[in-house]
Every structure is written in C-alpha cells, then in structure tokens.
Amino acid sequence: MPPTLSTHGPAHSPTPALPDAGGGAFVAAQHPLRPLLRWAWPFIRAQRWPLAAVLALSLLAVTAAWLQPWMTHRLIDDGLLRGDAATTWGWCGAMAALALLSFGVGLCCRWCFTRASMGVLHAMRESALAHVLTLSPTWSRQQDTADVMARLEGDLGEVQRVVLDAALSALNASLLLVGTLAMLWHLSAELTLALATLVALSTWLHRSLSPHVQPLAQRLRSHGVAMHGFLLEQLRLLHALQGHNREQEALRTLAGLHRDGRRLQWQSQLIGQLAQGLPALMLTLGTVAVFGIGGERGVSLGVLVAFSTSLQRAYAPVQSLLSLHLAWQRAQHALVRVHELLHTPADGPAASASSGPSGPLPAGALRLDIRCVGLHHPHATGPAVAATGLYAHWPEGSRVWLQGPSGCGKSSLLWMLLQHLSPRQGQLLVGERPLSHWPRHAWREQVALVPQDAALCRGSLRDNIRFGHTPASDADIVQAAQVAGVLDFCEAWPQGLDTPVGEHGQALSGGQRARVMLARAVLRRPRILLMDETTSALDAPTADTVLTRLEAWLPHSTLVLVSHHAPTRPGWQACHWPAANTAALPAVPTGANA
C-alpha cells in the first residue's frame, strides 16, 4: 500500500516563494528568464573573479585580433612590395609574437571560463536537487523519472548556457565585430558599405528560419525524454517482458521511436545547415565582391589582403551571434521546464528550523496523539477519504498494530508522521504541540520509516545498511543486521555483508530487501519506528523472530506496524484505520506488557 495520497492543506499556497542560495525568492513570472536569472545570480556572483579574468582576457584577445589585419597590410605594402627585407622580417616577428600572445591568452581565458562555467552549473544543479529533495514522495511517484533527469541535466545545462555562456559569448562576439568593422572602415569605407549590405541580407535570411527552431527543439527534447524513459522502463520490466512474450512488441515500439527520431533529426539538421550555410555563402560572395570592386577602384594589394582577412574575422562573430540567437530559440522550452521544477512547492508541513523548539527532542516528548485525521486522494474531487478519521493516543514505548482495508490511508498516515504529508483534517500532536511545529530535521532524526518499496542503491548489503546512519561503525552495522535478520541469510554467503545487492536490490528476494531496509532504519535507534508491511514478505517464524529482536533492541521506542496480519507477539495493540467509532483507541506501552 504505497503512499499515494496527497495533501492540500493551507501550508501549500498557490504560488509559494522558493528561497534561493542568496536569500532571495523565486517568484513566478510570465516569462521564466527573469526569475531564473534572480535564482542563478548568487551562483554567478560567487564566480565573479574568474569571470572578471575572462572579460579582461577576452578584451586582450579582441585587441590582438584587431591588430593582425593591420599588421598584414603593413607587411605587404611596406615590406614585400617595396622589397625591404628588414621591414618584412620586422613585421613577421611582430606577427609571430602576436600569435604566441594570442595563443597564451586563449589558454588562460579557456581555463578561467571553464572554471567559472562549471562552478555555476554545478551550483545550480546542487540547488535544484536540494529543492527536489524537499518534495513529497507523492510528487515523485507521479513523475516520470526520465523527465526529471532531463530537467536536472539537459534543461539545466541549457539554462546555464543562456544565463552565463551565451552572455559572455555575445559580449566577446560583439566586441570583436565592432573592432573588425572599425578596421574595415579604416581600410576602405566603400568596401565596408558593400559588406554591410550582405551582412544585413544574411541576418534577414537567418531570422526567417528562427520561428521554426523553437517548436522543433521542443519536439526533439520531448522525443529524447520519451526514448530515455522507454529504455529505462524496458530494463525495469525485463523479466515481465520475457514472461509475457512481449519482446517483439517492445522492439516494434523502439523502431517507431527511431523513425520519429530520424525525421526530427533530419528537420533539425536541415534548418541548422541553412542557418549556418547562408552566412558562409554571404561571406564567399563578399570576398568575391571585395576583390572585384577593389580591383576596379585601384585599391592596393595590401589593403585587399588585409580587408579579406578582416572579412574572414568578421564572419566568426556574426556567425556566433546568429548561432546564439538560434540557441536562445532552442533554450526557451528548457527554461520553462526548469522554472516548473523549481516552482514546485515543497512537501508537508511548512516547518522551518526556526519554528518550535530547536535541538534534540526532550525525553518523553514523543507522545503521539492522532485526532480525526483525514486524507485526500490526489485524483478525488469530493471530501477526505477517511471521513470518520482516527483517534489514538500512543505514549512513547507503545507497540501498535495498525490495520484497515487496502487503500484507506494507513501508509499515508506513516508518511504524515514523517512530515512528508499534511492532514486534510484533524491534528497530529507530539506532546502538546502540533507535529508541524517541530523542526523537520530534528524530528526526522528521531523517526525512521521502513516503506513498502525497498529503496536500495548500488553497493553491498553493508553500504545499504550504513545509508541509514553514515557515521555508524562496522560493529553497529553488524548489530543492526542481526536485529533485522540480515545475518540470518547472508552469513552463509562468501562475501557476507559485502555481497552486492544489484541495481535496486534485484539480487535479493522481497523478504531480504525488506530486512535490509529494516536494518537501515534501526541502525540509529529511532525513538519511533514506522514499519509499512515490513513483515508481510516474511514467514511467520521469521517475522516473530524479527519482532522479538526489535523489542529487545528498542525497548523504549514506539513501534508502529502496518500489516494485514496480526503480530503473533503479545502486547501489540490493534488500532483500526479508519476508526469504527470516535472512541479513543489507546495503545499499550511496553511497561504494561510485563
């Protein structure tokens, strides 16, 4: 019974503000660029010194690019055509020194730019993942994993290129273009005017292609997400595909995706080739026009060669600016997708580190009172699912067997106790305070949940158990494995606790995965242990043994077990959800069991 119930409490405002790393707020806007810039600004500001070095080095590189055509002009007219060997060698040496300087400046600029660019990208991704980690399990279960991955990787990279890389590239290209045009005007104003006509024509042709870029980029992005999601799903369902003879159907679906991908790629390549090829064609025509008009007007050979060289250099910034315009068209869909992800409201109660008492929770404070708690299904439009709700009083040290029909919200109650969800109605009290008034981080240090779905990661049994409390020693891990019954099945294995579990724990059985998850939860000795169908995959003797060990390992902790089967151990008080009446259903503390 996975926690598939969502909450719509007053803590979730329609358009909440998302704090960013700089203490500002992420505010919804009609176009996502402005709020994304505000969100990314602290990360850019943190790289201000490398970025300042990039700007200084770029200005130096642009100056060197301005000088080279002029030096070429002097070399030909003052040296070669006059037969002056000394002048020729002098200008050759100056040009070689300029080339070496440009090479060194380019290396330094690339190093500074890579450091700043990667620093901004990594900080943005860390901030985005930090926000995703605040979202509820309900949200994650409703999302396509491939789509979320695409937003955190490809789309976030597009945002970084727009807010930083594109801005720096546009500045550098603009400086280089202005300087080159100034040099061209200095060499020949008449030829520059002819060139300007060709550049304007090229720009007009380029802009005529722009309206086709953004929709095509959106379709390509969606197709990539669909392809990634399809392959992930086939790998997860490999045994089911084989068991139901669905291999050929999967291959036919993949072939259809490939056909769509080829069509989209061909359209993208066609538009890209037109966008890049037209400026190149204009450059060739401009070069021909330069020599034709220059030869007719008697322009010197040095000026013609220098002008032709400058024309080649002018092509690069023009092409760069036109490419940036295309990149902006492609990136707008990514901006919207990242904006949506960052604007997703955080889960559960809106508690902060400053609300309620801080520090470790005092002894005896974990008395739980549940008063007519109601839930709301995410697809329901009517009242709460549990109309009568549940009234219960669980003192610290209780042993609770929570039972009820499938889909009534038992698992969701456990997720509410972990502050992942908020009640639609009623109250959850800890001591005399509402649960939402306790700091979320401090509360979760005291509570552990063993969900139905085993969230195991790559690595060994030991790695997955240590996940529950990374500072734990190897002796603590062995003790937790003993309590949860992990040693019962792994001691006979050659690698013992160092045995790899495979991806998502696929090398283990369902009962073995449940016991690894239980060992992870008990490793830090929680004061409240919530178990969702943890013993359902175990045979009765094994389940009885595990519960006996748990009671001895956590004698003063509250244990809550959701199960359709009654525990065979004495002292576990049945608690029905939803309650059959409004009378309190107290659980029996451990001390009363003796």
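Residues numbered from 1 in each chain as written. Predicted model: local features only at pLDDT ≥ 70, side-chain atom pairs only at ≥ 80, totals over all residues. Heavy atoms only, no water.

Side note on the overall build of the protein
- Scanning the protein for helices and strands turns up 17 helices and 11 strands.
- A buried classification covers 46% of the 594 residues belonging to the protein.
- When the accessible surface of the protein is totalled, it reaches about 28900 Å², and 61% of it is carbon and sulfur. (Helix = DSSP H or I, 4+ residues; strand = E, 2+ residues; numbered from the N terminus. Buried < 20%, exposed > 50% of the residue type's maximum accessible area, 1.4 Å probe, protein only. Areas by Shrake-Rupley, 256 points an atom, 1.4 Å probe, with all protein chains shown as cover.)

A few points about the sheet that holds strand β8 (residues 447–450)
- One open sheet accounts for 5 strands, arranged β8-β9-β10-β5-β11; its pairing is parallel. Two strands close off the open sheet at either side, each with one partner strand: β8 and β11 (573–576). The mean inter-strand angle of the sheet, taken between neighbouring strand axes irrespective of direction, is 20°.
- Along the sheet, helix α11 (residues 410–417) contacts β5 (399–403), β8, β9 (528–532) and β10 (558–562); its crossing angle with β9, the most-contacted strand, is approximately 150°.
- Where helix α16 (residues 510–522) meets the sheet, it contacts β8 and β9, and its direction lies at approximately 175° from that of β8. (Pairing = 2+ DSSP bridges. Axes fitted to C-alpha atoms, helices over the stretch in contact; angles between N-to-C directions. Contact = heavy atoms within 4.5 Å.)

A word on the confidence of the model for the protein
- Of all residues in the protein, 73% have pLDDT values of 70 or greater, and the mean over the chain is 75.
- Across residues 1–30 the pLDDT falls below 50, and counting only partners more than four positions away or on other chains, this stretch makes 74 contacts in the model. (pLDDT = per-residue confidence, 0-100.)

Quick look at a nonpolar patch on the surface
- Together, L55, L59, L171 and L175 make up a nonpolar patch on the protein surface, roughly 310 Å² of accessible area in all.
- The set of elements that each furnish at least two residues to the nonpolar patch consists of α2 (48–80) and α5 (145–187).
- Along the chain, L59 turns up in helix α2.
- You can call L59 partly exposed: its relative accessible area is 44%. (Patch = residues over 30% accessible without salt bridge, like charges linked within 9 Å, V, L, I, M, F, W, Y side chains within 5 Å. Salt bridge = Lys/Arg side-chain N within 4 Å of Asp/Glu carboxyl O.)

Side note on the environment of S536
- Tracing the chain through its elements places S536 in the loop between β9 and α17 (540–553).
- Distance in space between the C-alpha atoms of S536 and Q452 is 9.5 Å, their sequence separation being 84 residues.
- Looking at S536, its side chain comes within polar contact range of the side chain of E533, at 2.3 Å. (Polar contact = N/O pair within 3.5 Å; in protein donor to acceptor, adjacent residues only side chain to side chain.)

Focus on α16
- With 13 residues, α16 extends 19 Å between its outermost C-alpha atoms, agreeing within 8% with the 18 Å of an ideal straight helix rising 1.5 Å per residue.
- Most of α16 is tucked away, with 11 of its 13 residues classed as buried.
- If you follow the buried residues of α16, they end up packed against β8, α13 (461–466), α14 (474–484), α15 (486–490), β9 and α17. (Expected span 1.5 Å × (residues − 1).)

Considering the packing of aromatic side chains
- Taken as a whole and assessed by the stated rule, the structure comprises 2 aromatic pairs.
- When the ring of W39 is compared with that of F43, the centres are 5.5 Å apart and the planes differ by 85°; the resulting orientation is edge-to-face. Of the two residues, W39 and F43 both sit in helix α1 (residues 33–45), 4 residues apart, roughly one turn of that helix. Taken individually, W39 and F43 each receive the classification buried, so the pair is uniform in this respect.
- Ring geometry for F489 against W493: centres 5.4 Å apart, planes inclined by 55°, an arrangement best described as tilted.
- A residue is classified by how much of its surface remains accessible, and F489, at 10% relative accessible area, is buried.
- Over the ring of W553 we find R525, and its NZ or CZ is 3.7 Å from the ring centre. (Phe/Tyr/Trp six-rings, centres within 6.5 Å; stacked < 30°, edge-to-face > 60°. Lys NZ or Arg CZ within 6 Å of the ring centre and 35° of its normal.)

What to know about the packing of α2 against helix α3 (residues 85–132)
- Contact geometry of α2 with α3 gives a least axis separation of 9 Å together with a crossing angle of 160°. Considering the angle they form, α2 stands roughly antiparallel to α3. When you trace α2 past α3, the crossing you get is left-handed.
- Looking at the contact of α2 with α3 residue by residue, the class counts come to 24 nonpolar, 7 polar and 3 charged. (Parallel < 35°, antiparallel > 145°, perpendicular 65-115°, else oblique. Left-handed = near helix turned anticlockwise from the far one by under 90°. Nonpolar A, V, L, I, M, F, W, Y, C, P; charged D, E, K, R; others polar.)

Observations concerning the environment of V486
- On the secondary structure map, V486 appears in helix α15.
- In this structure the C-alpha to C-alpha distance between V486 and M517, which are 31 residues apart in sequence, comes to 9.6 Å.
- When neighbours within four sequence positions are excluded, V486 is seen to be in contact with L461, I465, A481, L497, R515, V516 and A519.

Overview of unusual backbone geometry
- The phi dihedral of R525 falls on the positive side, at around 50°, and the residue is not glycine.
- With respect to the helices and strands, R525 occurs in the loop between α16 and β9.
- Phi angles above zero are rare outside glycine, and E533 is one such case at about 55°.
- Position of E533 among the secondary structure elements: in the loop between β9 and α17.
- Note on E533: relative accessible area 14%, which makes it buried.

Comments concerning the nonpolar core
- Core analysis: the largest hydrophobic core is formed by 37 residues, its most contacted members being I465, V486, L529 and L550.
- Elements represented by at least two residues in this core include exactly β8, α13, α14, α15, α16, β9, α17 and β10.
- Sorting elements by how many residues they give to this core places α16 first, with 6 residues.
- When neighbours within four sequence positions are excluded, I465 is seen to be in contact with I477, A480, A481, V486, L497, V516, A519, R520 and L523.
- L51, V54, V120 and L156 belong to the second-largest nonpolar core, a separate cluster that totals 30 residues. (Core = buried A, V, L, I, M, F, W, Y, C linked by side-chain atoms within 4.5 Å.)

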